[in-house]
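# Remarks on the overall topology
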Amino acid sequence: MKKPKSISEADTTTSQKQIFYELYEFALKICIRYTSCQNEPEQVMYEGFARLFRNARLTKFVSLQFLQKKIKEILISICIEREKKKIDLEKDSEDELFLSREPRANTTALSLSDKQIIDILRTIPFVLRAAYNMSVIDGFDDQRISLMLGIPISSVQYYLSLAREQLSQLLQHTTATA
């Protein structure tokens, strides 16, 4: 039986597993809200935990709230990075970079389940979805949203209003067809 090099090495592995299991559901919900495809959330989540464990000095004295805040920021950053990589970086305008897609109507909704709401959110362009999630669901202020998305602070409220308008239209269409 191989002994750990030190007590702290064994404690680190155990605490990382404990942190992973403690934050798994919390992290997965964030990933589902910010990713565009159904197969992406778990990939993003695992990458986020790898970054958290690689970069953070985790001790037994770190609070769950601190860990939730850190993993949330890491996961949202990963989603933003992935979305930017998907987009053709040669485009000049920020509108073309993030607003390149028109919303698609979700015509298969019979009732608004959690999955259907997520599907509706995924139909709006990334920057609108991200700004909406960050503001309404995650409680970030405009300045933080601006920094994380790399957009002017003056654009944040504009994107939020566009997101609300598009979501309202999609929800009306979905409930009308139900």
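Residues numbered from 1 in each chain as written. Predicted model: local features only at pLDDT ≥ 70, side-chain atom pairs only at ≥ 80, totals over all residues. Heavy atoms only, no water.

### Overview of the pattern of salt bridges
- A complete count under the given rule lists eight salt bridges for this structure.
- The closest approach of N and O atoms between arginine 51 and glutamate 81, which form a salt bridge, is 2.8 Å. Remark: glutamate 81 occurs in helix H3 (residues 64-86) and arginine 51 occurs in helix H2 (residues 40-55); sequence separation between them is 30 residues.
- We note a salt bridge from lysine 72 to aspartate 138, for which the minimum N-O separation is 3.7 Å. Highlighted residues: lysine 72 in helix H3 and aspartate 138 in the loop between helix H6 (126-137) and helix H7 (142-149), separated in sequence by 66 residues.
- It is possible to trace a salt-bridge network through shared partners that takes in Glu40, Glu47, Arg51, Glu81 and Arg82. (Salt bridge = Lys/Arg side-chain N within 4 Å of Asp/Glu carboxyl O. Helix = DSSP H or I, 4+ residues; strand = E, 2+ residues; numbered from the N terminus.)

### Let's talk about the packing of H7 against helix H8 (residues 153-177)
- As a packed pair, H7 and H8 sit with axes 8 Å apart at the nearest point and diverge in direction by 100°. On the basis of the axis angle, H7 is roughly perpendicular to H8. Contacts between H7 and H8 involve Asp142, Gln143, Ile145 and Ser146 from the former and Ile153, Val156, Gln157 and Leu160 from the latter. (Axes fitted to C-alpha atoms, helices over the stretch in contact; angles between N-to-C directions. Parallel < 35°, antiparallel > 145°, perpendicular 65-115°, else oblique. Contact = heavy atoms within 4.5 Å.)

### Looking at the packing of H6 against H7
- Where H6 meets H7, the closest approach of the two axes is 10 Å, and the angle between their N-to-C directions is 145°. Handedness of the H6/H7 crossing: right-handed. Residues Phe126, Val127, Ala130, Ala131, Met134 and Ser135 of H6 touch H7, and the partners they reach there are Ile145, Met148 and Leu149.
- Partitioned by chemical class, the residues of the contact of H6 with H7 number eight nonpolar, one polar and no charged. (Left-handed = near helix turned anticlockwise from the far one by under 90°. Nonpolar A, V, L, I, M, F, W, Y, C, P; charged D, E, K, R; others polar.)

### Focus on the nonpolar core
- By size, the foremost hydrophobic cluster in this structure holds 43 residues, and its most contacted members are Phe49, Ile76, Met134 and Leu149.
- Elements with a minimum of two residues in this core: helix H1 (7-34), H2, H3, helix H5 (114-123), H6, H7 and H8.
- Discounting residues that sit within four places of it in the chain, phenylalanine 49 has contacts with Ile19, Phe20, Leu23, Tyr24, Ala27 and Ile71. (Core = buried A, V, L, I, M, F, W, Y, C linked by side-chain atoms within 4.5 Å. Buried < 20%, exposed > 50% of the residue type's maximum accessible area, 1.4 Å probe, protein only.)

### What to know about the side chain of glutamate 40
- Looking at the element boundaries, glutamate 40 is found in helix H2.
- Setting aside its immediate chain neighbours within four residues, glutamate 40 contacts Thr35, Arg82 and Lys86.

### Some remarks on the environment of isoleucine 78
- The topology assignment puts isoleucine 78 in helix H3.
- Look at isoleucine 78 and you get buried, because its relative accessible area is 1%.
- Along the sequence, isoleucine 78 and tyrosine 34 sit 44 residues apart, while their C-alpha atoms lie 9.5 Å from each other.
- Dropping the residues within four chain positions of it, isoleucine 78 is found in contact with Val44, Glu47, Gly48 and Arg51.

### Digging into the confidence of the model for the protein chain
- In the predicted model, the protein chain carries a mean pLDDT of 78, and the fraction of residues at 70 or more is 75%.
- Low pLDDT, under 50, characterises residues 1-10; the stretch is placed with two contacts to residues that sit more than four places away or in other chains.
- Predicted confidence for residues 92-97 stays below pLDDT 50, and this span has eleven contacts to residues more than four positions away or in other chains. (pLDDT = per-residue confidence, 0-100.)

### Things to note about the packing of aromatic side chains
- Counted according to the given criterion, the structure contains six aromatic pairs.
- When the ring of phenylalanine 20 is compared with that of tyrosine 21, the centres are 5.5 Å apart and the planes differ by 75°; the resulting orientation is edge-to-face.
- By relative accessible area, which is 63% here, tyrosine 21 ends up exposed.
- Each member of the aromatic cluster is reached from another via a ring pair, and the members are Phe20, Tyr21, Tyr24, Tyr46, Phe49 and Phe53.
- For the cation-ring pair, lysine 72 lies above phenylalanine 140, with the distance from its terminal atom to the ring centre recorded as 5.8 Å. (Phe/Tyr/Trp six-rings, centres within 6.5 Å; stacked < 30°, edge-to-face > 60°. Lys NZ or Arg CZ within 6 Å of the ring centre and 35° of its normal.)

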